[in-house]
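# Chains, contacts and geometry: an overview
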Amino acid sequence: MKPAVFDYSAPESIGEALDLLAEHGSGAKVLAGGQSLVPMLNFRLARPAHLIDVNGVGSLSYISANGALRIGAMTRLTALGESGDVAGAHPVIPAAVAQIGHRAIRNRGTIGGSLAHNDPAAELPAVLMALDAEVTARSADGERVIGMQDLIEDRLFDTTLDDTELLTEIRIPAAAGSSFGFREFARRHGDFALAGVAAVITTDGSTITQAALGAFGGTHATRLPTAEAALVGAEAGDAAFAAAGAGAAADFPATSDVHGTAEYRSHLINVLTVRALKDAAGQAGGGNG
Ligand SMILES: Cc1cc2nc3c(=O)[nH]c(=O)nc-3n(C[C@H](O)[C@H](O)[C@H](O)COP(=O)(O)OP(=O)(O)OC[C@H]3O[C@@H](n4cnc5c(N)ncnc54)[C@H](O)[C@@H]3O)c2cc1C
């Protein structure tokens, strides 16, 4: 199918993009990498009257590692996955990016598009939740900073961004001394995962002092508070990891579809959480810088 007719603008600055969003509001859609939006246009699942193509806004593409990691919304997934600064600060990010679709998709797809699209099976919303990231949203009226959990809430293919807001930046605080595990299960490499989990832990000797787990593949990306509570203060080892796996299955908003039942997905989250924690514990002491 072909898209329904739409008007098209290609702003060259953030200010121009914000003016267009203010003018067209809910009738407009931002076009980033187009890897999700263009298929939706072609299937007429999205029928915006106006497309605002921000690919010409160069100031939205950057990675800055001065203190907290700051990433422009139009940073391509390939650039994100290949950045030494990102890998040095948060190696869980390239581990997750490597699992997103195929290279051609990552060459065009953007971090901002992944978050704004908020597919429940997408890796980055859950990973960035585990890293306590925040995003900046700008409109013609000003800007606000939104925590990842508040951006996603329990939404599906939607966020708390207003129609007139442009997601401009992702900010990730430093996590010195932490270690990570990332596990997902997909039927084939490049497919959306049935379930997956990112685990970021900090240890003092063999005691876990901090734990943050973000899961995807359920009804929406989510932190896993019961699993995290089972870990903090515990000795890093099989008993704590098994308790966390069970907690993760209890927390996970599993859902059934043609790819798998809710019970199967809950089982996957349990197993994947234990494996991710074992991976993280294997690095503990090495640290993530
Ligand atoms: C075959 C295939 C396999 C894929 N597999 C995976 C996978 O395994 N994991 C995964 O996570 N993703 C996967 N994707 C999706 C891919 O990662 C997309 O790139 C991503 O979801 C959307 O990013 P985009 O830059 O292409 O955004 P677009 O498609 O351009 O936009 C998506 C939505 O976000 C909005 N938007 C984009 N940028 C902004 C912004 N800065 N501010 C406000 N709104 C904005 C758009 O208006 C639109 O509603 C796959 C895609 C395909 C085609």
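Computed from a prediction, not measured in an experiment: that's the story for all the values here. (Residues numbered from 1 in each chain as written. Predicted model: local features only at pLDDT ≥ 70, side-chain atom pairs only at ≥ 80, totals over all residues. Heavy atoms only, no water.)

### A word on the site of the ligand
The following threshold applies: Throughout, near means a residue has at least one heavy atom within 4 Å of the molecule or strand. Counted as a polar contact is a pair of N or O atoms within 3.5 Å, where, for protein atoms, one must be capable of donating a hydrogen and the other of accepting one, and residues adjacent in sequence contribute only when both atoms are in side chains. Per-residue accessibility takes into account occlusion by the displayed protein chains alone, with areas from the Shrake-Rupley method and a 1.4 Å probe. Here a cavity denotes a set of grid points, spaced 1 Å apart and computed over the protein atoms alone, in which a 1.4 Å probe fits but from which it cannot get out, and a pocket denotes an open set meeting protein on both sides within 12 Å along at least five of seven lines; residues with an atom within 4 Å of a point are reported as lining. Whether a molecule sits in a cavity or pocket is decided by its atoms, more than half of which must lie within 2 Å of the grid points. Secondary structure follows DSSP: runs of H or I at least 4 residues long count as helices, runs of E at least 2 residues long count as strands, and numbering of each begins at the N terminus.
Surrounding the ligand, one finds 29 residues, the nearest of these being V30, G34, L37, T110 and E123. Between the ligand and G33, the relevant distance is 2.9 Å, taken from an oxygen atom to a main-chain nitrogen or oxygen of the residue. Protein chains bury 88% of the 970 Å² of accessible surface belonging to the ligand in isolation. Comparing atom positions with the cavity grids shows the ligand to sit within the largest pocket. Going through the elements one at a time, β2 (28-31), α7 (111-117) and β8 (166-172) are the ones with two or more residues in the shell around the ligand.

### Here's the deal with the pattern of salt bridges
Convention followed: For this document, the term salt bridge refers to a Lys or Arg side-chain nitrogen within 4 Å of an Asp or Glu carboxyl oxygen. Exposure is judged per residue with a 1.4 Å probe applied to protein chains only, and the accessible area is read against the type maximum: over 50% gives exposed, under 20% gives buried, and values in between give partly exposed.
Tallying each qualifying case throughout the model produces eleven salt bridges. Between E153 and R155 there is a salt bridge whose closest N-O contact spans 3.3 Å. With a relative accessible area of 39%, E153 lands in the partly exposed category.

### Let's talk about the domain arrangement of the chain
Under the convention used in this document: In this entry, domain limits derive from an automatic or database-based domain assignment. A simple way to read buried area is as the amount of 1.4 Å-probe accessible surface that goes missing from two parts once joined, with both sides added.
Assigned domains within the chain: domain 1 (7-56), domain 2 (59-172) and domain 3 (178-283). Placing the centre of domain 2 and that of domain 3 at their C-alpha centroids yields a distance of 21 Å. Across the domain 2 to domain 3 interface the summed buried area is about 1,800 Å²; carbon plus sulfur atoms make up 66%. On inspection of domain 2 and its partner domain 3, the count reaches four residue pairs in polar contact (both at pLDDT 80 or more). Only α5 (92-97), α8 (123-130) and α9 (148-152) provide two or more residues apiece to the side of domain 2 that touches domain 3. With six residues, α8 is the largest single contributor of residues to the side of domain 2 that touches domain 3.

### Side note on the sheet that holds strand β9 (residues 178-185)
Going by this rule: Paired strands are those between which DSSP finds at least two bridges. Throughout, a contact is declared for two residues whenever any of their heavy atoms are within 4.5 Å. Note on geometry: axes are C-alpha line fits, over the in-contact stretch for helices, and angles between N-to-C directions span 0 to 180 degrees.
With respect to topology, four strands assemble into an open sheet ordered β9-β10-β11-β12, the strand pairing being antiparallel. In the strand order of this sheet, the two ends are held by β9 and β12 (222-223), each with one partner. Taken together, the nine bridges between strand β10 (residues 195-204) and strand β11 (residues 207-216) define a ladder with antiparallel strand orientation. Among the inter-strand pairings, T202 is bridged to a residue of β11, identified as Q210. Each of β9, β10 and β11 is contacted by helix α12 (residues 262-283), which is oriented at about 150° to β9, the strand it contacts most.

### Some remarks on a negative patch on the surface
Rule in force here: Each patch is built from residues lacking any salt bridge and having more than 30% relative accessible area; the joining distance is 9 Å for like charges and 5 Å for nonpolar side chains (Val, Leu, Ile, Met, Phe, Trp, Tyr). In this tally, Lys and Arg are treated as positive and Asp and Glu as negative; His is ignored, and so are the chain termini. Taken as the charge centre is NZ of Lys, CZ of Arg, CG of Asp or CD of Glu, depending on the residue.
Side chains of E12, E16, D19 and E23 sit close together on the surface and give a patch of like negative charge. Of note, E16 is situated in helix α1 (residues 14-24). On the basis of relative accessible area, E16 is assigned to the partly exposed category, the value being 41%.

### Considerations on the layout of surface pockets
Under the convention used in this document: Grid points are joined across faces, edges and corners, and a volume is the space filled by probe spheres set on the points. Any residue that is not Ala, Val, Leu, Ile, Met, Phe, Trp, Tyr, Cys, Pro, Asp, Glu, Lys or Arg is counted as polar, Gly included; the first ten are nonpolar and the last four charged.
Size it by volume and the largest pocket reaches roughly 1,300 Å³. Together, 49 residues line the largest pocket, and S36, G113, S114, A116 and H117 are the ones closest to its centre. Broken down by secondary-structure element, the contributors of at least two residues to the lining of the largest pocket are β2, α2 (37-42), α7, α8 and β8. No other element matches α7, which puts five residues into the lining of the largest pocket. For the lining of the largest pocket, the residue count by class is 24 nonpolar, 17 polar and eight charged.

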